[in-house]
Amino acid sequence: MAHERSSGPRLSPSSYEEAIRAVLAPRLAFFEAVARHEHVTRAAHELGVPQSTLSRAMVRLEADLGVALFARKGRTVSLTPAGRTFLASAERALAEVEKAADSVRADADPTAGRVSFGFLHTMGSETVPALIRAFRVDHPRVRFQLVQNYGEAMIERLRAGGLDLCLTSPVPDAPDLVARRLDEQRLRLVVPDDHRLASRRRIRLAEAAEETFVTLEPGYGLRRITDDLCAEAGFTPRVAFEGEEAETLRGLVAAGLGVALLPPPAVARPGVVELTVTAPRAVREIGVAWLDGHPDTPPVAAFKRFLLSRRGNLLPD
């Protein structure tokens with residue numbers, strides 16, 4: 001393998017970080033094969049590339065690094081000390097690439113792939129387990145990475161690539177997302193069992209205008225819905241406590257610290273009474289969202305079809 005000078009400039013410290021992937025990464029497998037065989041022709045045969053192409057690639061790699069990696073004798077080569085150091089790192093890098101390739105292939109496997117699925121805390125105790133159980137009747141080996149969070153945080157994670165799909169409320173309306181309404185859930189005014197309204201079954205929300213409310217923190221979809229419904233009823237709620245989880249709010253209500261607009265609980269909570277709100281219409285829409293234009297792996301596509309097939313029948317009775 002004759003020494004040749006690279007036509008391009010050597011990597012400078014200032015450009016190294018930007019150029020390292022483009023310049024070095026494509027040559028790591030070439031370098032590893034030559035180092036392993038200690039013979040250019042045998043390495044070229046294994047890689048399925050012309051010997052001259054492989055020779056030039058190694059010369060350019062050395063020129064870009066500014067270090068001799070090989071001692072040459074004809075087509076036989078041996079590693080220099082610098083070459084042995086570089087080989088150890090190259091082998092680790094190639095092993096990580098192979099590991100990553102195996103991982104993404106496994107995640108995309110039609111029968112045993114992975115779905116990264118986000119959902120609201122209030123969907124976690126009953127709705128999501130029932131959905132996954134029903135889906136796995138026909139897809140028993142599909143794996144799930146489950147993420148519980150509030151709506152805005154899930155949308156951020158969706159945009160960052162950390163989720164394939166998310167079940168959220170309100171249904172988002174954004175140009176970079178696709179969202180489909182799946183169901184709606186009635187909200188109830190939850191009051192302590194010794195409250196002046198506890199003997200009622202139904203209530204207009206305006207009748208609670210003077211009450212102290214406990215709500216989720218700003219940024220949560222249910223908080224936005226609560227504020228909007230109260231505004232529609234003609235008042236701004238006086239908020240005494242803000243939390244991050246609906247069942248915690250029920251506990252605060254049971255302790256007599258306020259009233260709350262909440263979806264139905266999975267299990268009835270002692271110490272509270274849940275009133276049907278007759279006006280305004282107190283519901284929250286539940287929908288599924290995903291990034292527009294992003295291709296789905298087969299398991300994600302299958303689960304998306306399943307969710308869309310549950311439109312109008314998403315929530316437990």
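Counting from 1, residues in each chain are numbered in the order their sequence is written. With pLDDT at 70 or above as the cut-off, local features in this predicted model cover only qualifying residues; side-chain atom pairs require 80 or more to be listed or tallied, and sums for whole chains, interfaces and linings still use all residues. Side-chain metrics rest on all non-hydrogen atoms present in the structure, leaving aside hydrogens and water.

1. Structural notes on the packing of aromatic side chains
Moving on, step 1. Any pair of Phe, Tyr and Trp rings, taking the six-membered ring for Trp, is counted once the centres come within 6.5 Å. Such a pair is stacked with planes under 30 degrees apart, edge-to-face with planes over 60 apart, and tilted for the rest. Summed over all chains, the structure comprises 11 aromatic pairs.
Moving on, step 2. Measuring from ring centre to ring centre gives 5.0 Å for F31 and F86, while their planes differ by 65°; the resulting arrangement is edge-to-face. Here F31, found in helix α2 (residues 28-37), pairs with F86, found in helix α5 (residues 81-107); they are 55 residues apart in sequence, far enough to count as distant.
Moving on, step 3. Using a relative accessible area of 18% as the deciding quantity, one classes F86 as buried.
Moving on, step 4. Relative to Y220, the ring of Y150 has its centre 4.4 Å away and its plane inclined at 25°; by these criteria the two rings are stacked. Of this pair, Y150 sits in the loop between β4 (143-148) and α7 (151-159) while Y220 sits in the loop between β9 (212-216) and α8 (221-232), placing them 70 residues apart in sequence.
Moving on, step 5. Remark: exposure states derive from per-residue accessible area (1.4 Å probe, protein chains only) relative to the maximum for the residue type, with buried under 20%, exposed over 50%, and partly exposed in between. Since its relative accessible area comes to 26%, Y150 is described here as partly exposed.
Moving on, step 6. Ring pairing ties together the aromatic residues F117, F119, F135, F144, F303 and F306, which thus form one cluster. Put simply, DSSP marks the helices as runs of H or I at least four residues long and the strands as runs of E at least two long, and each gets a number from the N terminus on.

2. As for the environment of S309
Moving on, step 1. Along the polypeptide, S309 turns up in helix α10 (residues 298-309).
Moving on, step 2. C-alpha of S309 to C-alpha of L182: the two residues are 127 residues apart in sequence and 8.8 Å apart in space.

3. Looking at the layout of surface pockets
Moving on, step 1. Its volume calculated, the largest pocket comes out at about 400 Å³.
Moving on, step 2. Of the grid points, spaced at 1 Å and generated over the protein atoms alone, those admitting a 1.4 Å probe that cannot get out make up cavities, while open sets with protein on both sides within 12 Å along at least five of seven lines make up pockets; any residue with an atom within 4 Å of a point is treated as lining. Along the wall of the largest pocket there are 19 residues; nearest its centre are E126, Q185, P264, P265 and A266.
Moving on, step 3. In terms of residue count, the dominant contributor to the lining of the largest pocket is helix α9 (residues 246-254) (three residues).
Moving on, step 4. For the lining of the largest pocket, a count of residues per class yields eight nonpolar, five polar and six charged.
Moving on, step 5. In this structure, the second largest pocket encloses a volume near 340 Å³.
Moving on, step 6. Surrounding the second largest pocket, 18 residues form its lining, G161, L163, D164, P295 and V300 being those nearest its centre.
Moving on, step 7. Here the term charged refers only to Asp, Glu, Lys and Arg, the term nonpolar to Ala, Val, Leu, Ile, Met, Phe, Trp, Tyr, Cys and Pro, and the term polar to all other amino acids, Gly among them. Residues of the lining of the second largest pocket, tallied by class, amount to eight nonpolar, six polar and four charged. Grid points are joined across faces, edges and corners, and a volume is the space filled by probe spheres set on the points.

4. Re empty space enclosed by the protein
Moving on, step 1. Counted under the stated rule, the structure contains two cavities of 30 Å³ or more.
Moving on, step 2. Estimated volume of the largest cavity: approximately 120 Å³.
Moving on, step 3. Its residues assigned to classes, the lining of the largest cavity comprises six nonpolar, six polar and three charged.
Moving on, step 4. Of the volumes computed, that of the second largest cavity is approximately 40 Å³.
Moving on, step 5. Of all the elements in the fold, those that place two or more residues in the lining of the second largest cavity are β9, α8 and β11 (260-262).
Moving on, step 6. Its residues assigned to classes, the lining of the second largest cavity comprises seven nonpolar, two polar and one charged.

Honestly, that's just the spatial picture; any functional story needs more than this.
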